[in-house]
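Here is how the chains run, residue by residue.
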Amino acid sequence: MLASHTSRLRCIAAGIVLAAAGTAGADTLRLCHDEEEGATWRDPERQQQGLSFVIVRQLEQLAGVHFQLVGRSWKRCLAELQANLWDGAFAVSFKPSRQAIGVFPMKGGEPDPALRVRTDGYSLFRLRGSQPGWDGRQFSHVQGMIGAQSGYSIIDQLHAAKVTVDDSSRNIEVILHKLLAGRLDGAALLTSDGMQTIASRREYEDAIERVDPPLVT
């Protein structure tokens, strides 16, 4: 949260990354969001519906500020935010490198958990009965690639674990189809989005399982 913002804007900080330049005193804030966000948080059949948007609209009422919400590919949203084309972005997971893009609500040098929009995590998904695993510290039996959505924060963790990553798609179903076709050893997806998407189709439910523990929360 930028110090120059008025106190009435403090309640919009929850899970919303504000552009570094700030928009002090503005009555309208232009926010981008991930247009591919999963069905748990965005209803693809009804634009700007779902839990993420319910939360943001409640914040809008509390703050007395209008939010103009525009969907973008996630990489494009973050790149445009860094270029100050947007006032902020919402439903952004924290990682230190993203502090160069915008300002997170912080406390004691860490993201303030009291101002989060939600708690979620990433999990490894694999074909039922297959061996690729995660024990909370390292991967096992991963010989090929792990799929991840383009621009998502889990990619850095996968690279740090020396895993070969396929992040060529931002669509969960494309990644799951690659997994089903044997082109991936696993998929590192947001837990809620992955579970929701798998539950939506019998072919996914029959063939794909989630590995415990989560990759990260």
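Refer to the structure printed above.
Residues numbered from 1 in each chain as written. Predicted model: local features only at pLDDT ≥ 70, side-chain atom pairs only at ≥ 80, totals over all residues. Heavy atoms only, no water.

Trainee: How should I be thinking about the nonpolar core in this particular structure?
Mentor: The tendency in soluble globular proteins is for nonpolar side chains to be buried side by side. Judged by nonpolar contacts, the single largest core of 29 residues is most densely connected at Leu81, Leu124, Phe139, Ile154, Leu158 and Leu215. Among the elements of the structure, strand 1 (16–19), helix 2 (74–82), strand 8 (122–127), helix 3 (154–160), strand 13 (186–190) and strand 14 (208–216) are those that each provide at least two residues to this core. For this core, the element with the most residues is helix 2, which contributes 4 residues. Core analysis: the next-biggest nonpolar cluster, separate from the first, contains 12 residues, Leu29, Phe53, Val56 and Phe67 among them. (Core = buried A, V, L, I, M, F, W, Y, C linked by side-chain atoms within 4.5 Å. Buried < 20%, exposed > 50% of the residue type's maximum accessible area, 1.4 Å probe, protein only. Helix = DSSP H or I, 4+ residues; strand = E, 2+ residues; numbered from the N terminus.)

Trainee: Explain the pattern of salt bridges to me, please; I cannot follow it from the model alone.
Mentor: When the charged atoms of two side chains with opposite charge come close together, those side chains can pair. The final tally for this structure, using the stated rule, is 12 salt bridges. Among the salt bridges present, the one from Lys95 reaches Asp156, with a minimum N-O distance of 2.6 Å. Separated by 61 residues along the polypeptide, Lys95 in the loop between strand 4 (88–90) and strand 5 (102–103) and Asp156 in helix 3 bring together distant segments of the chain. For Asp156, a relative accessible area of 41% corresponds to the partly exposed category. Salt-bridge contacts for Arg210 lead to Asp212; the nearest nitrogen and oxygen are separated by 2.7 Å. Taking the relative accessible area as the measure of exposure, Asp212 reaches 52% and is therefore exposed. When salt bridges that share partners are traced, they join Arg72, Arg76 and Glu80 into one network. (Salt bridge = Lys/Arg side-chain N within 4 Å of Asp/Glu carboxyl O.)

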